[in-house]
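One letter stands for each residue in the lines below.
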Amino acid sequence: MKTTWYEIRIDVPASGLDLVCNELGELGCAGITVEERTLDTFVAPDPDADAPERYGISAYFPTEGDETTLRTQVTERLEWLGQLAPGLLPLSLQCRPVQEQDWAEGWKQHFSATRIGRRLIVKPTWEDWSPAGDEVVVNLDPGMAFGTGTHGTTRLCLEALAGLYDQAPVPTRVLDVGTGSGILAIAAAALGARRVLGCDIEEESCRVARENVELNGVGDRVEITGAPLESLEGDFDVILANILAEENIRLGDELTRRLAPGSALILSGILQEKEALVTQAFARYDLHGPEVTHEAEWVCLRYRKPA
Ligand SMILES: C[S@@+](CC[C@H](N)C(=O)[O-])C[C@H]1O[C@@H](n2cnc3c(N)ncnc32)[C@H](O)[C@@H]1O
C-alpha cells in the first residue's frame, strides 16, 4: 500500500536549524532534507566555502488526511520556537501532499530515449525503441550508479565515442575508467568494439554495470572490474575517463601509458574552471590535442596519441 506523505518546506536561519529539526521530529516528522548547499553528486563540496546563513528544509510527515491539524501544530510550535531562534519568524510554510512513489521513481521522468550522434540511441529499460537502419540501442537501468546519458559529462563522452565509430579504422579495444552504470562501455560494444574493459572503485557501480552489460547482451565483449586502473593489463584504442579533473590529473601517467599508437583519450568530468589545470597537466605527455567540447559548465578533452 502506498503511504501518503505531507511535505512542509520551511526557510530556516542556520542558527535555528537543529532546534527546528528537533521540534519537527517531536511532531512526528519521519524525514528531513536540507537543500541549501550546492551538492551535485559529481562535485565535491568546497570545504573553504562559507556556510550559508539560511537553509531550505523539507520535512515529511506520514498523514491520513489530517493535514490541517498537522499544519496548525507545526505553525504553533515554530511560532513558539521563533522566540528562541532569531530570524525564524515570520514563518513561510509551503505544504503539499506527496505520494511515496514520487520519491523513488521521480528521477525517471528526466531520463528518456536520447539520440547521440548519427546512430547511437540511449534509452531507459521502461521505454521501447525499434532501431532503424544501422542504429544501435543502449538499454539502461542506472539504479544508484551514475550514468543515464542525461548528465552533460556523459553526453560529451558518448558524442566523442560515437564520432570515433563514424570513421575507419574503428577502435576495437576500449577502456572505460569510472564506468558507473556501464553506459560508455556498453555504448562502445554496441558501436562495434570487440574488447571493452570498464572499471570502477565503487562496488555498487560495478554491480549495476554488470547487470546492464547482461541486459544489453554484450557480456561476451564487456568486462567490468573493481580492480584499480594501476593493475589493469593491456593497451587500448580508446580510453574514456569521466571522472573529476583532479582524478584525471592524478591518473595521467596510468591513462597515457595504456594508449596504443593512434588511439584516442577522452577526458571528461571537468568543470570549465578546471580545464586549464587538466590541459597543463597533460601537456607533458606525447599527445595531439586537445579538441575541446562543452556542455553547460562541463568540458570534454579529446586527445590523440601519435600513430
Ligand atoms: C561521473 S561517474 C561516470 C559514470 C559513467 N562513466 C558516465 O560517463 O556517466 C564517475 C565514476 O567514476 C568512479 N571513479 C572515480 N574515481 C575513480 C578511479 N580512480 N578509478 C575508477 N573509478 C573511479 C566513480 O565511482 C563513479 O562511478
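As the structure is a prediction and not an experimental result, all values here were calculated from the model.

A. Local environment of the nonpolar core. Counting residues in hydrophobic clusters, the biggest one holds 39 residues, and the most contacted among them are Leu 120 and Val 122. By residue number, the principal contributor to this core is helix α5 (residues 183–191), which donates 8 residues. Residues Leu 197, Ile 239, Ile 243 and Tyr 303 belong to the second largest nonpolar core, which totals 25 residues.

B. How the structure looks around the UniProt feature "binding site: S-adenosyl-L-methionine" (unreviewed entry) in the chain. With numbering matched to this structure, UniProt assigns "binding site: S-adenosyl-L-methionine" (unreviewed entry) to Thr 154, Gly 178, Asp 200 and Asn 242. Considering the arrangement of structural elements, one finds Gly 178 in the loop between β8 (173–177) and α5. According to the relative accessible area criterion, Gly 178 is partly exposed, its value standing at 24%. Its location among the elements puts Asp 200 in the loop between β9 (195–199) and α6 (203–215). Among the residues examined, Asp 200 registers a relative accessible area of 9% and is labelled buried. Setting aside residues no more than four positions away along its own chain, Asp 200 makes contact with Gly 178, Thr 179, Gly 180, Ser 205, Cys 206, Thr 225 and Gly 226. In terms of polar contacts, Asp 200 uses its side chain to reach the backbone amide nitrogen of Gly 180, at 2.9 Å.

C. Just the sheet that holds strand β6 (residues 120–124), in detail. Taken together, 3 strands build an open sheet; the order of strands is β5-β6-β7 and the sheet is mixed. The open sheet has two edge strands, β5 (114–116) and β7 (136–140), and neither has a second partner. Taken pair by pair, the neighbouring strands of this sheet meet at an average axis angle of 25°, ignoring direction. Pairing of β6 with β7, which is carried by 5 bridges, proceeds in the parallel orientation. Each bridged residue has a counterpart across the sheet, and for Leu 120 the counterpart in β7 is Val 136. Contacts between α5 and the sheet are confined to β6 and β7, with β7 contributing the most and set at about 155° to the helix.

D. Inspection of the pattern of salt bridges at higher detail. All chains considered together, the criterion is met by 19 salt bridges. A salt bridge links Asp 11 to Arg 54, with the shortest nitrogen-to-oxygen separation between them at 2.6 Å. Here Asp 11, found in strand β1 (residues 4–13), pairs with Arg 54, found in strand β3 (residues 54–62); they are 43 residues apart in sequence, far enough to count as distant. Among the residues examined, Asp 11 registers a relative accessible area of 35% and is labelled partly exposed.

E. Structural context of the site of the ligand. Surveying the vicinity of the ligand reveals 18 residues, the closest of which are Thr 154, Gly 178, Asp 200, Asn 242 and Glu 247. Between the ligand and the protein, one listed contact pairs an oxygen atom with a side-chain N or O atom of Thr 154 at 2.6 Å. In the environment of the ligand, a nitrogen atom lies 2.8 Å from a nitrogen or oxygen atom belonging to the backbone of Gly 178. Protein chains bury 91% of the 600 Å² of accessible surface belonging to the ligand in isolation. For the shell around the ligand, the elements supplying multiple residues, two or more each, are α5 and α7 (245–250). Of the residues in the shell around the ligand, the class split is 7 nonpolar, 7 polar and 4 charged.

Cut-offs and rules
- Residues numbered from 1 in each chain as written.
- Predicted model: local features only at pLDDT ≥ 70, side-chain atom pairs only at ≥ 80, totals over all residues.
- Heavy atoms only, no water.
- Core = buried A, V, L, I, M, F, W, Y, C linked by side-chain atoms within 4.5 Å.
- Buried < 20%, exposed > 50% of the residue type's maximum accessible area, 1.4 Å probe, protein only.
- Helix = DSSP H or I, 4+ residues; strand = E, 2+ residues; numbered from the N terminus.
- UniProt positions renumbered as here; feature names shortened; annotations may be inferred.
- Contact = heavy atoms within 4.5 Å.
- Polar contact = N/O pair within 3.5 Å; in protein donor to acceptor, adjacent residues only side chain to side chain.
- Pairing = 2+ DSSP bridges.
- Axes fitted to C-alpha atoms, helices over the stretch in contact; angles between N-to-C directions.
- Salt bridge = Lys/Arg side-chain N within 4 Å of Asp/Glu carboxyl O.
- Near = heavy atom within 4 Å.
- Areas by Shrake-Rupley, 256 points an atom, 1.4 Å probe, with all protein chains shown as cover.
- Nonpolar A, V, L, I, M, F, W, Y, C, P; charged D, E, K, R; others polar.

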